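# Residue-level structural notes
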Amino acid sequence: MTTNTYGLIKAATNVISGFSMIAIIVLGVAYMSFSNAFVFQDVKIEIVNNPVENSRDIEFMMIGYKKHECNSTRVYGVAYAEDGTHSHDLNLFTKQYTRNTRPGEEMPNQWSMKVPQDMISGGVYRVSMTGDFVCNYLIFQTEKSQTYDNILLEVEPR
Amino acid sequence: MDVERNQKIAQQVERWDLYARLTPTIFLVGSMFLIVFKIIDFETAFYVGLVGFAFTAVVWWWWAIFTIKYLVTVLNRTSKNLQDTAIEITQISTEIEKIKDDN
């Protein structure tokens, strides 16, 4: 191998290595930013028909925007009695929420859930709504979970 | 002793140079291959890269500290030896001048 060829190969590997390093750093930073971001930002969830009358469902309203493409795989709620004595699972949807809302836009969303059958005596509850998501960004994909706590729920006796 | 060690350091520098030129490309291409064929996911590649990066940084840092320490010691010794040589040359010159004057 001549000195010229060796010099050329050395220079080429230097340039390729430099670009590889830039690619690694850019992808690494993008991945960290993606994996640490919350699914919803500026989010607010409320129950709009408090107190929930007999035979009516719990109606939720949400506003917020998604930074990335995220599709929900599971959404559920837990209603904790305000006195801390018991809790009820909320997982029976009577009206579905809009799925896969587009990222970057503030989108109102709403859904309804059936009052659990064992919530006979009614009362004041604090609801936690949790969503499990699969999110995509560029070449990355990851599973995320986000919980919104402390939503006031008042249920009238059944 | 110094010559042998200096050669060792020159070899180590060559090895670091080769490592710096090949590792990023090999890691990038290798990771892409493994991710595309779903052998690992991006998260695994990210953490492997992070550990590799941290390990390289720590090893390089200590190597650089020890090498700089050695080079500074060699530089100090060389300066002292040069000073001694300069003093000796001055003394020899003085003595030669004296012999010349005596003759």
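All values derive from a computational prediction rather than experimental measurement.

Analysis parameters
- Residues numbered from 1 in each chain as written.
- Chains lettered and ligands numbered in written order.
- Predicted model: local features only at pLDDT ≥ 70, side-chain atom pairs only at ≥ 80, totals over all residues.
- Core = buried A, V, L, I, M, F, W, Y, C linked by C-beta atoms within 7 Å.
- Buried ≥ 20, exposed ≤ 12 C-beta atoms within 10 Å, placed from the backbone.
- Helix = DSSP H or I, 4+ residues; strand = E, 2+ residues; numbered from the N terminus.
- Contact = placed C-beta atoms within 7 Å.
- Domains from an automatic or database assignment.
- Nonpolar A, V, L, I, M, F, W, Y, C, P; charged D, E, K, R; others polar.
- Pairing = 2+ DSSP bridges.
- Axes fitted to C-alpha atoms, helices over the stretch in contact; angles between N-to-C directions.
- Parallel < 35°, antiparallel > 145°, perpendicular 65-115°, else oblique.
- Left-handed = near helix turned anticlockwise from the far one by under 90°.

Residue and element names in this part refer to chain A. One finds Ile-58, Val-127, Ile-151, Leu-153 and Val-155 to be the most contacted residues of the largest nonpolar core, which totals 17 residues. Elements with a contribution of two residues or more to this core: strand S1 (40-47), strand S2 (58-66), strand S7 (123-137) and strand S8 (140-155). When residues no more than four places from it in sequence are discounted, the contact partners of Ile-58 are Ile-47, Val-52, Ser-112, Met-113, Val-115 and Leu-153.

Looking at the secondary structure, you find A:Ser35 in helix H1 (residues 3-36). Each C-alpha atom, one on A:Ser35 and one on A:Ser72, is 16 Å from the other, the two residues being 37 residues apart in sequence.

Once that is clear, we can look at the domain arrangement of chain A. All names here are of chain A. On domain assignment, one finds that chain A holds domain 1 (1-36) and domain 2 (39-155). Inter-centroid distance (C-alpha atoms) of domain 1 to domain 2 is 46 Å. A class-by-class count of the residues in the side of domain 1 that touches domain 2 yields three nonpolar, one polar and no charged.

Right, let's get into the interface of chain A and chain B. How big an interface is tends to be expressed through the accessible area that disappears when the partners come together. Counting residues at the interface gives 11 residues for chain A, matched by nine residues for chain B. By residue number, the principal contributor to the side of chain A that touches chain B is H1(A), which donates 10 residues. By residue class, the composition of the side of chain A that touches chain B is six nonpolar, five polar and no charged.

This part covers the sheet that holds S1(A). Residues and elements named next belong to chain A. Strands sit in the order S1-S2-S6-S5 across an open sheet of four strands; the sheet is antiparallel. The open sheet is flanked by S1 and strand S5 (93-95), the only strands paired with a single partner. Between one strand axis and the next, the sheet turns through 30° on average, direction left out of account. Relative to strand S6 (residues 107-113), S2 is paired through seven bridges, and the arrangement is antiparallel. Counterpart to Ile-58 in the pairing with S6 is Met-113.

Where strand S3 (residues 69-81) of chain A lies against S7(A), 12 bridges are found, and the strand directions are antiparallel. Each residue of the ladder has a partner; that of A:Ser72, found in S7(A), is A:Phe133.

Close contact between H1(A) and helix H1 (residues 2-36) of chain B brings their axes to 8 Å; oriented N to C, the two are set at 50°. Overall, the two elements H1(A) and H1(B) adopt an arrangement that is oblique. Seen from above, H1(A) lies across H1(B) with left-handed handedness. Contacts between H1(A) and H1(B) involve A:Thr13, A:Asn14, A:Ile16, A:Ser17, A:Ser20, A:Met21, A:Ala23 and A:Ile24 from the former and B:Ala20, B:Arg21, B:Pro24, B:Thr25, B:Phe27 and B:Leu28 from the latter.

Take the pairing of S8(A) next. All names here are of chain A. When S7 meets S8, the two strands line up antiparallel, connected through 14 bridges. When the bridges of S8 are listed, Asn-136 appears paired with Gln-141. Between the antiparallel neighbours S7 and S8 lie two residues, among them Leu-138 with a positive phi of about 50°.

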